[in-house]
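Inside the fold
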Amino acid sequence: MQMPPASKPEPRLRLRVSPVAESRLRSGHPWLFSDSVREQNREGRTGELAVVYDRKDRFLAIGLYDPDSPIRLRVLHAGSPVQITPDWWAARIRESRLRREGLFDTRTTGHRWIHGESDGWPGLVLDRYDTTLVLKVYSGVWLPLLAGLIPQLVAEWAPERLVLRLSRNLQGAAAAAGFQDGGVLRGAAPPGPVVFLETGIAFEADVVRGQKTGFFLDQRENRRWVESVSAGRRVLNAFSFSGGFSLYAARGGAASVTDLDISSHALESAARNFRLNEGLAAVRACRHDSVQADAFEWLAAGERAGFDLVVLDPPSLAKRESERAGAIQAYRRLARLGWQRVRPGGILAAASCSAHVRMEEFVEATLQGVRDAGGGGEAREVHRAGHPPDHPATFPEALYLKCLALSRRG
Ligand code: SAH
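Residues numbered from 1 in each chain as written. Predicted model: local features only at pLDDT ≥ 70, side-chain atom pairs only at ≥ 80, totals over all residues. Heavy atoms only, no water.

Here we look at the state of the cysteines
A covalent bond between the sulfur atoms of two cysteines is referred to as a disulfide. Within the structure shown, the criterion is met by zero disulfides. For Cys353, which is in no disulfide, the shortest distance to another cysteine sulfur is to Cys403 and amounts to 12 Å. Overall, the relative accessible area of 3% leaves Cys403 in the buried class. (Disulfide = S-S within 2.5 Å. Buried < 20%, exposed > 50% of the residue type's maximum accessible area, 1.4 Å probe, protein only.)

Considerations on the side chain of Ser69
Looking at the element boundaries, Ser69 is found in the loop between strand E5 (59-65) and strand E6 (71-78). A polar contact is formed between the side chain of Ser69 and the backbone nitrogen of Ile71, at a distance of 2.9 Å. Setting aside anything within four residues of it in sequence, one finds Ser69 in contact with Ser34 and Arg74. (Helix = DSSP H or I, 4+ residues; strand = E, 2+ residues; numbered from the N terminus. Polar contact = N/O pair within 3.5 Å; in protein donor to acceptor, adjacent residues only side chain to side chain. Contact = heavy atoms within 4.5 Å.)

Digging into the site of the ligand
In the vicinity of the ligand, 15 residues are found, and the nearest of them are Arg223, Asp261, Asp294, Ala295 and Asp313. Here Phe239 contributes a backbone N or O atom positioned 3.1 Å from a nitrogen atom of the ligand. With respect to the ligand, the side chain of Asp294 contributes an N or O atom lying 3.1 Å from a nitrogen atom. Coverage of the ligand by the protein amounts to 90% of the 580 Å² it exposes when considered alone. Taken together, the residues that form the shell around the ligand break down as eight nonpolar, three polar and four charged. (Near = heavy atom within 4 Å. Areas by Shrake-Rupley, 256 points an atom, 1.4 Å probe, with all protein chains shown as cover. Nonpolar A, V, L, I, M, F, W, Y, C, P; charged D, E, K, R; others polar.)

Things to note about the domain arrangement of the protein chain
We note that the domain assignment places domain 1 (13-78), domain 2 (86-194) and domain 3 (216-408) within the protein chain. If you average the C-alpha positions of domain 1 and of domain 2, the two centres end up 25 Å apart. Taken residue by residue, the interface counts 11 residues in domain 1 and 13 residues in domain 2. Note on domain 1 versus domain 2: buried area summed over both sides is about 900 Å², and carbon and sulfur give 70% of it. Contact with domain 2 buries surface across domain 1, with Leu64, Arg74 and Leu76 losing the most and accounting together for 56% of the total. Run the count over domain 1 and domain 2 and you get one salt bridge. Among the salt bridges present, the one from Arg74 reaches Glu117, with a minimum N-O distance of 3.5 Å. (Domains from an automatic or database assignment. Buried area = accessible area lost by both parts, 1.4 Å probe. Salt bridge = Lys/Arg side-chain N within 4 Å of Asp/Glu carboxyl O.)

In structure tokens, the structure reads:
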């Protein structure tokens, strides 16, 4: 009897790339674009490991292959050759944890543990909300790896629960792999929003359905800055979401805080967050109002001045490169409208989370908006910040967060 031929193990997926891509990978850039691939030994599957070799046939990088994305390879490691084994993953998890050692005391139980490519995890985020971990996946390359990774993440952090969030474009592929957005991967489903602390202020996060992973953890340092200049001020928090900046302003002694958001869910969450912090005398003493409106329209329709501190933190206004010019115009317009609401002696704090708009462009747009507003006030820069340390950015495309504050004289 003849034996069927043993199926041969598939050869490792190997790529050769353009010289420009080679030097980008060598300099640590985590993306290889499809149009830079010159040669490959066979077709690849989503999430499969692929090795890039240079012109002299030396190992250059290893990463996760994606046949469906213009980002064809998401680099896990570049430099000397490595084997990607469960131990390698365990070490990578540990590195992300150690990178944040000493950043937070027990008054901050909500922060980021893993921040995508700049942490060595291209397209993947892990956030902590007290004893709940939220894993957010932005690229399909992770779907085939999840079953192996989940026990390793759980072994490192021993969370009470682990919740999975998926970017919208992945939800079909994920369903086929047995995963769903908001699915609870370990532990019991949360009975409602999860409560955590940020520098001693309690916040709720809807980890199952909320935006991102439930809260904008990246604004912590800018919120602290706002707290430090809030005493006695009337504050407008435009695009308030769940009141992150508002609670800090209240703790900093603001006389009043007005939340402005288009979403009633966001405003209700902010109101609950104020109630959560009634134990703080300054929060109790601060008057809190909510306005549900389109911020552009509301700001344009109102009278001039009225606030001593205006915070503008809109959602990303440029989701893709083609929207960049329009976004810059929108930041300029927003700065004009916001500045018109700032009294002499007041402050405008404007933020942007659009990766396609660079810091210098944002600063320029904001300053132009202030000039457009007229009114004779002089603007002086009092705060400028990029990324907080638990959200590192190691390459240009990763630099999305920007904040600029200007004080108004006269
Ligand atoms: N500053 C917040 C995060 C803002 S997220 C924080 O520190 O947590 C952006 C918010 O803008 C969301 O809550 C969204 O509902 C709101 N939003 C989006 N478009 C809007 C618009 N045109 N007018 C007012 N709010 C808007």
